[in-house]
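The chain contents come next:
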Amino acid sequence: VYAPPAIEKGLDPLRRGKDGDEFLWDVLGDPLLDVTLMPGDGLYVPLGFPHATTTAFEDVSPEPSVHVTLNVDSLIWGLSYRLLWAAAVR
């Protein structure tokens with residue numbers, strides 16, 4: 001997991017590396033976090049933080065592994081703390 005890249009004019013900082021945006025990993029510097037997850041572990045990576053994954057660590061576990069990305073788009077669904085609070089007080 002790397003620090004978010006510098007904001008560039010005309011580029012959505014939360015969409016870097018997606019939808020055809022070329023992303024050069026060498027400009028990110030050293031990772032903020034370099035971790036090996038064990039079976040049953042999970043890792044939350046906030047939106048906008050570039051990350052890379054691999055499941056090719058047979059020395060850790062010879063079993064098959066899966067990388068899953070889950071995104072809840074709060075803008076499209078209108079999710080916010082205010083909406084959650086309003087629903088909770090009803």
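Higher on the page you've got the structure.
Below, the structure is looked at part by part. (Residues numbered from 1 in each chain as written. Predicted model: local features only at pLDDT ≥ 70, side-chain atom pairs only at ≥ 80, totals over all residues. Heavy atoms only, no water.)

Some thoughts on the overall build of the chain
Piece 1. For the chain, the count of helices and strands is two helices and zero strands.
Piece 2. Across the 90 residues of the chain, 10% fall into the buried class.
Piece 3. Restricting to contacts in the chain with at least 6 residues of sequence separation, those with at least 24 account for 58%.
Piece 4. Counting every atom, the chain has about 8200 Å² of accessible surface; 58% of that belongs to carbon and sulfur. (Helix = DSSP H or I, 4+ residues; strand = E, 2+ residues; numbered from the N terminus. Buried < 20%, exposed > 50% of the residue type's maximum accessible area, 1.4 Å probe, protein only. Contact = heavy atoms within 4.5 Å. Areas by Shrake-Rupley, 256 points an atom, 1.4 Å probe, with all protein chains shown as cover.)

Observations concerning a nonpolar patch on the surface
Piece 1. A cluster of nonpolar side chains, namely Leu32, Leu33, Val35, Leu37 and Leu43, defines an oily patch on the protein surface of about 430 Å² accessible area.
Piece 2. Among the structural elements, leucine 43 can be located in the segment before helix H1 (74-77).
Piece 3. Under the relative-accessibility criterion, leucine 43 is labelled partly exposed at 42%. (Patch = residues over 30% accessible without salt bridge, like charges linked within 9 Å, V, L, I, M, F, W, Y side chains within 5 Å. Salt bridge = Lys/Arg side-chain N within 4 Å of Asp/Glu carboxyl O.)

Quick look at the environment of leucine 32
Piece 1. In this fold, leucine 32 is placed in the segment before H1.
Piece 2. Among the residues examined, leucine 32 registers a relative accessible area of 58% and is labelled exposed.
Piece 3. Between the alpha carbons of leucine 32 and valine 1 there is a distance of 5.7 Å; along the sequence they are 31 residues apart.

The values are spatial; any link to function lies outside them.
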